[in-house]
Amino acid sequence: MARILIAGCGDLGSGVGTTLAQRGHDVWGLRRQADAVPAPIQPLAGDFSRPDGLPTLPSGLDTVYFIATPGRFEEEAYRLAFVEGIRNLLARLTDEGQSPRRIIMVSSTSVYGVTDGSWVDETTPAEPGGFSGKRLLEAEELLCAGPFPSVIIRFGGIYGPGRNRMLRKVREAEPVVTDPPQYSNRIHRDDCVGALVHLHDLDNPAPLYLAVDSTPCTQAELTDWLADRLGLPRPPRAAGAAGGTRGSNKCCRNDRLVASGYQFRYPDYQSGYEAMINSSC
């Protein structure tokens, strides 16, 4: 059985850790409020954004997950969570003489600065335009330059229980940009957890994966479908800048993740949002 550390044991980390612990692995979850780490994960209190914030880590770690969650959508918050977080974690693992077989880092498709709606995959150059993508890419580069084997997984927009922003937008009749069309990519929270567990199980993973469902679409297509399903008027239309408010407009491919053997629980937005609606999220 493996010895696994989840650095950043929030919602996704708790889902991953619980799954792996139930399989018989030894799993530790690191977060500032250790009492929020659910059983059967073993809690560790710590803050990887500070050099002195990490506790002594369990010995003989096999797999380390790095799942940072900035508290605010601000550049300094992203720098501390991702850049300093991965720097401090790598330093602690090195100082302790650890030799994990794999560090798995959660990143984002925001590292792609594409704004024309074109397709991107793992071979597309990462040229972020916004601060969030820039800080994420900086953290990725630190990890790749470090002494341990690594796997980076770039998630699209995460939705699911407790992550119902698009449902709220439709219910509040917020305008949706259609000129130019705004393409977006998403992945259900449960598939985030599933993909992360899958990467632990793979014998020879690739160094990079995009994790999105199989149906990129325009914002208008998604909100119209949601409105129809909820029996509400379709949202009003608006014009906006290419890339929207966060500078992104692209269609992401998940071919590499699917080819590795991962099977999506929710391969399209219809099945994922249908599950949310039926559970009254």
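Now for a quick tour of the structure.

1. Some details on the overall build of the protein chain
Here's step 1: Across its full length, the protein chain holds 8 helices and 15 strands.
Here's step 2: For the protein chain, the C-alpha radius of gyration of 19 Å lies close to 19 Å, the compact-globule estimate for 281 residues.
Here's step 3: When the 281 residues of the protein chain are sorted by exposure, 51% land in the buried category.
Here's step 4: Relative to all contacts within the protein chain whose residues are 6 or more apart in sequence, the contacts with residues 24 or more apart total 78%.
Here's step 5: Here the protein chain has roughly 12200 Å² of accessible surface; of this, 49% comes from carbon and sulfur atoms.
Here's step 6: Here the protein chain carries 29 positive and 33 negative side-chain charges, and the mean point of each set is 3 Å from the other.

2. What about the sheet that holds strand β5 (residues 102-108)?
Here's step 1: The parallel open sheet is built from 7 strands, whose spatial order is β3-β2-β1-β4-β5-β7-β12. Each edge of the open sheet is held by one strand with a lone partner, namely β3 (42-45) and β12 (208-211). Shown here is a sheet whose adjacent strand axes are inclined to one another by a mean of 20 degrees, direction ignored.
Here's step 2: The strands touched by helix α2 (residues 75-95) are β1 (3-7), β4 (63-66) and β5; relative to β4, the strand with the most contacts, the crossing angle is about 160 degrees.

3. Description of the side chain of Asp 213
Here's step 1: Mapping Asp 213 onto the fold places it in the loop between β12 and β13 (217-218).
Here's step 2: Look at Asp 213: it is buried, it has no salt bridge, and the nearest opposite charge is Arg 186 at 4.6 Å.
Here's step 3: When residues no more than four places from it in sequence are discounted, the contact partners of Asp 213 are Arg 186, Ile 187, Asn 254, Phe 264, Tyr 266, Pro 267, Asp 268 and Tyr 269.

4. Some points on the environment of Asp 52
Here's step 1: Mapped onto the elements, Asp 52 comes out in the loop between β3 and β4.
Here's step 2: Residue Asp 52 is classed as exposed on the basis of its relative accessible area, which comes to 59%.
Here's step 3: Within polar-contact distance, the side chain of Asp 52 engages the side chain of Arg 50 at 2.6 Å.

5. Points about the nonpolar core
Here's step 1: One finds Leu 5, Phe 66, Phe 82, Leu 89 and Leu 93 to be the most contacted residues of the largest nonpolar core, which totals 35 residues.
Here's step 2: Looking at this core, the elements with two or more residues in it are β1, β2 (26-31), β4, α2, β5, α3 (131-144) and β12.
Here's step 3: Once residues lying within four places of it in the same chain are set aside, the contact partners of Leu 5 are Trp 28, Leu 30, Leu 44, Leu 57, Leu 61, Thr 63, Val 64, Tyr 65 and Leu 89.
Here's step 4: Judged by nonpolar contacts, the second largest core, of 32 residues, contains Ala 2, Val 16, Ile 153 and Cys 192.

6. Thoughts on unusual backbone geometry
Here's step 1: A cis geometry characterises the amide bond from Ala 39 onward to Pro 40, with omega recorded as 10 degrees.
Here's step 2: Within the secondary structure, Pro 40 sits in the loop between β2 and β3.
Here's step 3: For the bond running from Asp 179 to Pro 180, omega is 0 degrees, close enough to zero to count as cis.
Here's step 4: Structurally, Pro 180 is set in the loop between β9 (176-179) and β10 (183-184).
Here's step 5: At Ala 173, a position not held by glycine, the phi torsion is positive, near 55 degrees.
Here's step 6: Mapped onto the elements, Ala 173 comes out in the loop between α4 (165-171) and β9.
Here's step 7: For Ala 173, a relative accessible area of 45% translates into the label partly exposed.

7. A few points about the packing of aromatic side chains
Centre distance and the angle of the planes are the two values used to describe a pair of aromatic rings.
Here's step 1: As enumerated under the stated definition, the model contains 8 aromatic pairs in all.
Here's step 2: Centre to centre, the rings of Phe 73 and Tyr 78 are 5.8 Å apart; their planes meet at 90 degrees, and the pair counts as edge-to-face.
Here's step 3: Phe 73 gets classed as partly exposed once you look at its relative accessible area, which sits at 38%.
Here's step 4: The class for Tyr 78 is buried, based on a relative accessible area of 14%.
Here's step 5: Arranged with centres 5.6 Å apart and planes meeting at 35 degrees, the rings of Tyr 78 and Phe 82 form a pair that is tilted. Placement of both Tyr 78 and Phe 82 in helix α2 is noted, with a separation of 4 residues, approximately one turn of the helix.
Here's step 6: The lysine or arginine in question, Arg 253, covers the ring of Trp 119, its NZ or CZ lying 4.2 Å from the ring centre.

What counts, and at which threshold
Residues numbered from 1 in each chain as written. Predicted model: local features only at pLDDT ≥ 70, side-chain atom pairs only at ≥ 80, totals over all residues. Heavy atoms only, no water. Helix = DSSP H or I, 4+ residues; strand = E, 2+ residues; numbered from the N terminus. Rg over C-alpha atoms; globule rule 2.2 N^0.38 Å. Buried < 20%, exposed > 50% of the residue type's maximum accessible area, 1.4 Å probe, protein only. Contact = heavy atoms within 4.5 Å. Areas by Shrake-Rupley, 256 points an atom, 1.4 Å probe, with all protein chains shown as cover. Lys, Arg positive; Asp, Glu negative; His and termini not counted. Charge placed at Lys NZ, Arg CZ, Asp CG, Glu CD. Pairing = 2+ DSSP bridges. Axes fitted to C-alpha atoms, helices over the stretch in contact; angles between N-to-C directions. Salt bridge = Lys/Arg side-chain N within 4 Å of Asp/Glu carboxyl O. Polar contact = N/O pair within 3.5 Å; in protein donor to acceptor, adjacent residues only side chain to side chain. Core = buried A, V, L, I, M, F, W, Y, C linked by side-chain atoms within 4.5 Å. Phe/Tyr/Trp six-rings, centres within 6.5 Å; stacked < 30°, edge-to-face > 60°. Lys NZ or Arg CZ within 6 Å of the ring centre and 35° of its normal.

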